[in-house]
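Coordinates in review
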Amino acid sequence: MESRYLLRSGLAGSGSYEVEVTPESAGWGYSSLKIISLDPAASYRFETGSDELIVLPLNGSVAVDVDNARCELDGRPSVFDGPTDLAYVGSGKTVTLQSAVGGRFALCGARAESTAALSYVAASQVPVELRGAGQSSRQVRNFGTPGSLDATKIIACEVITPAGNWSSYPAHKHDEASETESELEEIYYFEIAAGPRGEPGFGFMRTSSSPGHQIDVLEEVHDRDTVLVPYGWHGPCVAAPGFDMYYLNVMAGPGAERAWKISDHPDQAWVRGTWESETVDPRLLSQTVQEA
């Protein structure tokens, strides 16, 4: 039996949305994610309501209209083609998306009181970090993290894990407030590259119990699946050999400070020290050069 924390592709949406995770549907207080597809020349209008929001093209381009302001997002062919430009808007706004060519767009949200107007971030402004080494190498695009985006609650990033590698590793948690940890709910949305003849890709994700929080998730994840992490040690995310893995992380929580502070699993924290003697996966080095 699959976990209630796993939302399978095709079963995670409602209405206009392919994926719809709200604080109410997830049973928590802050983090949200909606994904919408637009046909060429189509438009879609919605209210941000109680959430601040990031409009992030997964593929395709889109114009974002709020009040009398507009952002033109060039987007990208796919999530495996580097970072994208994006738009941020505060709560209580009416947003219209218009796409001449069509595409799929993520609406990353956090329950927050924000009066921020529409703002634009270019793809060239998104910090790209190579994290880990060896088979723990991955690329992190910090488009919505503190220091990269001015926001109230939301923290968001994208991760590319080459085929055969492990990411979100060592397993870590952020489910209590302390000097070294923030309390954050987290959404993982996956896209898995297909094989050379269109074979469906897959990977695995693990979440286990942390002190005071019982949870047990070990799932095979497929293209466009979503996993909810309300608490617990989460990781690794493992990309099966032959299939590159992408995931979008959206986080938010009750803390007054917008900070992404984590604790490593005590049985796995030592692994970080091994990276000093290993090299970064060359597949990521060549990709970073192309995106620079």
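Each remark here, short or long, concerns the structure printed above.
So, here is what we can say about the structure in this document.

Calculation rules
Here the residue numbering is sequential within each chain, running from 1 through the sequence in written order. With the structure being a predicted model, the display of local features is reserved for residues of pLDDT at least 70 and the display and counting of side-chain atom pairs for 80 or more, all residues being used for whole-chain, interface and lining totals. The side-chain numbers reported here are obtained from all heavy atoms of the structure, hydrogens and water having been left aside. Helical segments are the DSSP runs of H or I of at least four residues, strand segments are the runs of E of at least two, and each set is numbered from the N terminus. Put simply, the radius of gyration uses C-alpha atoms, and a globule should come to 2.2 Å times the residue count raised to 0.38. Three exposure classes are used, based on accessible area relative to the maximum for each residue type with a 1.4 Å probe and protein chains only: buried under 20%, partly exposed in between, and exposed over 50%. In what follows, residue pairs with any heavy atoms lying within 4.5 Å of each other are defined as contacts. Reported accessibility uses the Shrake-Rupley method at a 1.4 Å probe radius. Residues are deemed covered only where the shown protein chains occlude them. In this count, Lys and Arg are taken as positive residues and Asp and Glu as negative ones, while His and the chain termini are left out. For the purpose of locating charges, the reference atoms are NZ of Lys, CZ of Arg, CG of Asp and CD of Glu. When a carboxyl oxygen of Asp or Glu is within 4 Å of a side-chain nitrogen of Lys or Arg, the pair counts as a salt bridge. Put simply, buried Ala, Val, Leu, Ile, Met, Phe, Trp, Tyr and Cys residues joined by side-chain atoms within 4.5 Å make one nonpolar core. Between any two strands, at least two bridges found by DSSP are needed for them to pair.

**Thoughts on the overall build of the chain**
- Scanning the chain from terminus to terminus reveals 3 helices and 22 strands.
- At 18 Å, the chain has a C-alpha radius of gyration in line with the 19 Å of a compact globule built from 292 residues.
- Here the chain holds 292 residues, and the buried ones make up 56% of them.
- For the chain, restricting intrachain contacts to residue pairs at least 6 apart in sequence, the fraction spanning at least 24 positions comes to 75%.
- Carbon and sulfur atoms make up 50% of the accessible area of the chain, which amounts to about 12,500 Å² in all.
- Here the chain contributes 21 positively and 40 negatively charged side chains, and the mean placements of these two sets differ by 1 Å.

**Examining the environment of Met251**
- Locating Met251 in the fold gives a position in strand 21 (residues 245-252).
- Look at Met251 and you get buried, because its relative accessible area is 0%.
- Along the backbone, Met251 and Ala240 are 11 residues apart, and their C-alpha atoms lie at a distance of 25 Å.
- The contact partners of Met251, leaving out residues within four places of it in the chain, are Ser31, Lys153, Ile154, Ile155, His174, Leu184, Glu185, Glu186 and Trp260.

**A few points about the side chain of Lys93**
- As for its position among the elements, Lys93 is in the loop between strand 7 (86-89) and strand 8 (94-99).
- Aside from chain neighbours lying at most four places away, what touches Lys93 is Phe46, Glu47, Thr48, Val66, Asp67, Thr115 and Ala116.

**Let's talk about the pattern of salt bridges**
- Within the structure shown, the criterion is met by 21 salt bridges.
- Residue Glu129 is joined to Arg131 by a salt bridge in which the shortest nitrogen-to-oxygen separation is 2.9 Å.
- What makes Glu129 partly exposed here is its relative accessible area of 29%.
- Exposure remark for Arg131: the relative accessible area of 23% places this residue in the partly exposed category.
- When the shortest N-O distance is used, the salt bridge between Arg283 and Asp281 registers 2.7 Å.

**Description of the nonpolar core**
- Judged by nonpolar contacts, the single largest core of 34 residues is most densely connected at Leu33, Ile54 and Leu248.
- Among the elements that line this core, the one with the most residues is strand 21, at 4 residues.
- With residues up to four places along the chain from it excluded, the contact list for Leu33 reads Val19, Glu20, Val21, Ala106, Leu107, Cys108, Ile187, Tyr189, Leu248 and Val250.
- Residues Tyr17, Leu73, Val95 and Leu107 belong to the second largest nonpolar core, which totals 19 residues.

**With respect to unusual backbone geometry**
- For the bond from Tyr169 to Pro170, the omega torsion is 0°, close enough to zero to count as cis.
- Note on placement: Pro170 falls in the loop between strand 14 (166-167) and strand 15 (172-173).
- Cis geometry is adopted by the peptide bond preceding Pro236, which originates at Gly235 and carries an omega value of 5°.
- With respect to the helices, strands and loops of the structure, Pro236 is situated in strand 20 (residues 233-239).

**Here's the deal with the pairing of strand 7**
- Neither face of strand 7 is open: one carries Leu86 and Tyr88, the other Ala87 and Val89, and all of them are buried.
- Sheet topology note: the strand 5 (residues 51-66)/strand 7 ladder contains 3 bridges and is antiparallel. The residue bridging Leu53 from the neighbouring strand is Val89, located in strand 7.
- Here 3 bridges tie strand 7 to strand 10 (residues 119-121), and the two strands are oriented antiparallel to one another.

**Some remarks on the sheet that holds strand 13 (residues 155-161)**
- Pairing within the open sheet is antiparallel, and its 7 strands lie in the order 1-19-16-21-13-12-11. Each having just a single partner strand, strand 1 (6-7) and strand 11 (128-131) make up the two edges of the open sheet.
- Strand direction decides the pairing type here: strand 16 (residues 185-192) and strand 19 (residues 226-229), joined by 4 bridges, are antiparallel. The residue of strand 19 that forms the bridge with Ile187 is Leu228.

Such coordinate-based values are descriptive only and should not be taken to indicate function.
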